[in-house]
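Geometric and topological summary
If you want the building blocks of each chain, they are given just below.
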Amino acid sequence: MAGFRLQVVLLVLAPIALVGQVAFDVASIQESTSLETGGSMRLMPDGGVRARNMAVRALITIAYQLQTYQLVNAPGWAREARYNIEAKPVAAVPREQTYAMLQALLVERFRLAFHRERRDVDGFALQRVRTDRLGPDLKLSALNCEKDMGTTPKCRQGGITVDTMTAFGAPLWSLLQLVTNQVGAPVSDETGLTGTYDIQLRWSNDVAPGDDRPSILTALQEQLGLKLERRRVMTEVVVVDRLERATPD
């Protein structure tokens, strides 16, 4: 995206505090020699991590659960250098603790340090095309699947793939999150819509191109009666202050 304007600086120095100072019991990090450009990472059932050919930049965004645009000032090699990681806890831990241990690993082995800022950046506003009606595939729902997932079978139907979203009784923020991922920029909600919705959205993208499907921008308008307008949007970013290549072990 285009340049940004600094608004507010939060003087929070990395590493951020980790509950209980958790760490993996065993962790092996090796720089990958693979010529492949793609990588993969699995969060294991016991709380371990298995990464193959993963760029350090991607590891950071996963560990801190960031959107790509939220990580700034990382060195160029963080996108190019790739690593294989095998990390195991001493005993099974919940998913939230796995993220904390991965954060600790990045701080210890890659010397990661950062601070957080709020910046005014290029983004989008999600708006209604018409105020008197919605699109044919966005319908106000009588369900609230945030509350009733365990007791309402229909709430367990649907899901999100690379080019389809099907949801029942969902708050609009779930759609907002999907749109944010698709456009790679922050999106503010200016629809004024409240409550929960049944949503069916189908689009074409680079991962799963479909000649018979529209772009995400066109799909939003035609199917949901919503549109994206370019705006400056205030969002939190993570600014990298230090990052070093890990020493293999």
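To be clear, the structure that these remarks concern was listed above.
Figured I'd write up the structure that's included with this text. (Residues numbered from 1 in each chain as written. Predicted model: local features only at pLDDT ≥ 70, side-chain atom pairs only at ≥ 80, totals over all residues. Heavy atoms only, no water.)

1. Thoughts on the overall build of the protein chain
Threshold: Starting at the N terminus, helices and strands are each numbered in turn, a helix being any DSSP run of H or I of at least four residues and a strand any DSSP run of E of at least two. Each residue gets one of three labels from its accessible area relative to the maximum for its type: buried under 20%, exposed over 50%, partly exposed in between, using a 1.4 Å probe on protein chains only. The contact criterion used throughout is that any non-hydrogen atoms of two residues lie within 4.5 Å. To measure how exposed things are, a 1.4 Å probe is used in the Shrake-Rupley method; for residues, cover is taken only from the protein chains shown.
A tally of helices and strands in the protein chain yields six helices and 13 strands. Each of the 249 residues in the protein chain was classed as buried or not, and the buried ones make up 45%. Sequence-distant contacts in the protein chain: of pairs separated by 6 or more residues, those separated by 24 or more amount to 79%. For the protein chain, the exposed surface amounts to about 13,600 Å²; the carbon and sulfur share of it is 50%.

2. What about the state of the cysteines?
Using the following cut-off: For the purposes of this analysis, a disulfide is any pair of cysteine sulfur atoms at a distance within 2.5 Å.
With the rule as written, the count across this model stands at one disulfide. The disulfide that involves C145 links it to C155, with 1.9 Å between the sulfurs. The chirality of the disulfide connecting C145 with C155 is left-handed, given an S-S dihedral of about -75 degrees. Linking C145 in helix α4 (residues 145–148) with C155 in the loop between α4 and β9 (159–160), this pair joins segments that are ten residues apart in sequence. Among the residues examined, C145 registers a relative accessible area of 6% and is labelled buried.

3. Some remarks on the nonpolar core
Keep this limit in mind: Side-chain atoms within 4.5 Å are what join buried Ala, Val, Leu, Ile, Met, Phe, Trp, Tyr and Cys residues into a set we call a nonpolar core.
Core analysis: the biggest nonpolar cluster contains 36 residues, and Y64 and L243 have the highest contact counts within it. Of all the elements in the fold, those that place two or more residues in this core are β3 (40–43), β4 (49–55), α1 (56–63), α2 (77–80), β6 (82–88), α3 (95–109) and β13 (226–242). A per-element tally of this core places α3 first, with seven residues. In this view, L243 contacts V56, I60, P75, W77, A78, F110, R111 and L112; residues no more than four positions away in its chain are not counted.

4. Regarding the packing of helix α5 (residues 172–183) against helix α6 (residues 216–224)
The line we're drawing: Angular values range over 0 to 180 degrees, each being the angle between N-to-C directions of two axes fitted as lines to C-alpha atoms, with helices fitted over their stretch in contact. By the definition adopted for this analysis, an angle is roughly parallel if under 35 degrees, roughly antiparallel if over 145, roughly perpendicular if from 65 to 115, and oblique otherwise. Polar here means any residue outside two lists: the nonpolar Ala, Val, Leu, Ile, Met, Phe, Trp, Tyr, Cys and Pro, and the charged Asp, Glu, Lys and Arg; Gly therefore counts as polar.
Between α5 and α6, the shortest axis-to-axis distance is 11 Å and the interhelical angle comes to 155 degrees. It follows that α5 is roughly antiparallel to α6 by the angle criterion. Residues L175, L178, V179 and Q182 of α5 form the contact with α6, whose own contacting residues are I216, L220 and L224. Taken together, the residues of the contact of α5 with α6 break down into six nonpolar, one polar and no charged.

5. Overview of the packing of aromatic side chains
Just so we agree on the cut-off: Planes of paired rings set the category: under 30 degrees apart is stacked, over 60 is edge-to-face and the rest tilted, where pairs are Phe, Tyr or Trp rings (Trp by its six-membered ring) whose centres lie within 6.5 Å.
Counted according to the given criterion, the structure contains two aromatic pairs. Arranged with centres 5.1 Å apart and planes meeting at 80 degrees, the rings of Y64 and F114 form a pair that is edge-to-face. On the criterion of sequence distance, the pair formed by Y64 in the loop between α1 and β5 (71–72) and F114 in strand β7 (residues 113–128) is long-range, its members being 50 residues apart. Grouping residues by exposure puts Y64 and F114 together as buried. An angle of 90 degrees between the planes, with centres 5.1 Å apart, marks the rings of Y83 and F110 as edge-to-face. Separated by 27 residues along the polypeptide, Y83 in strand β6 and F110 in the loop between α3 and β7 bring together distant segments of the chain.

6. Remarks on the pairing of strand β12 (residues 196–202)
Each regular strand shows side chains that alternate between the opposite faces of the sheet. To keep it simple, the criterion reads: In this description, strands pair whenever DSSP reports at least two bridges between them.
Pairing of strand β8 (residues 138–140) with β12, which is carried by three bridges, proceeds in the antiparallel orientation. Opposite L140, over in β12, you have Y197 as the bridge partner.

7. A word on the sheet that holds strand β2 (residues 26–31)
Strand order across the open sheet formed by four strands is β2-β6-β4-β3, with antiparallel pairing between neighbours. Pairing within the sheet leaves two strands with one partner each, and these edge strands are β2 and β3. Taking the axes of each pair of neighbouring strands and ignoring which way they run, one obtains an average angle of 15 degrees across the sheet. Bridge analysis of β4 against β6 gives five bridges, and the strand direction is antiparallel. Note on β6: the bridge partner recorded for R50 is E86. Contacts between α1 and the sheet are confined to β3, β4 and β6, with β4 contributing the most and set at about 135 degrees to the helix.

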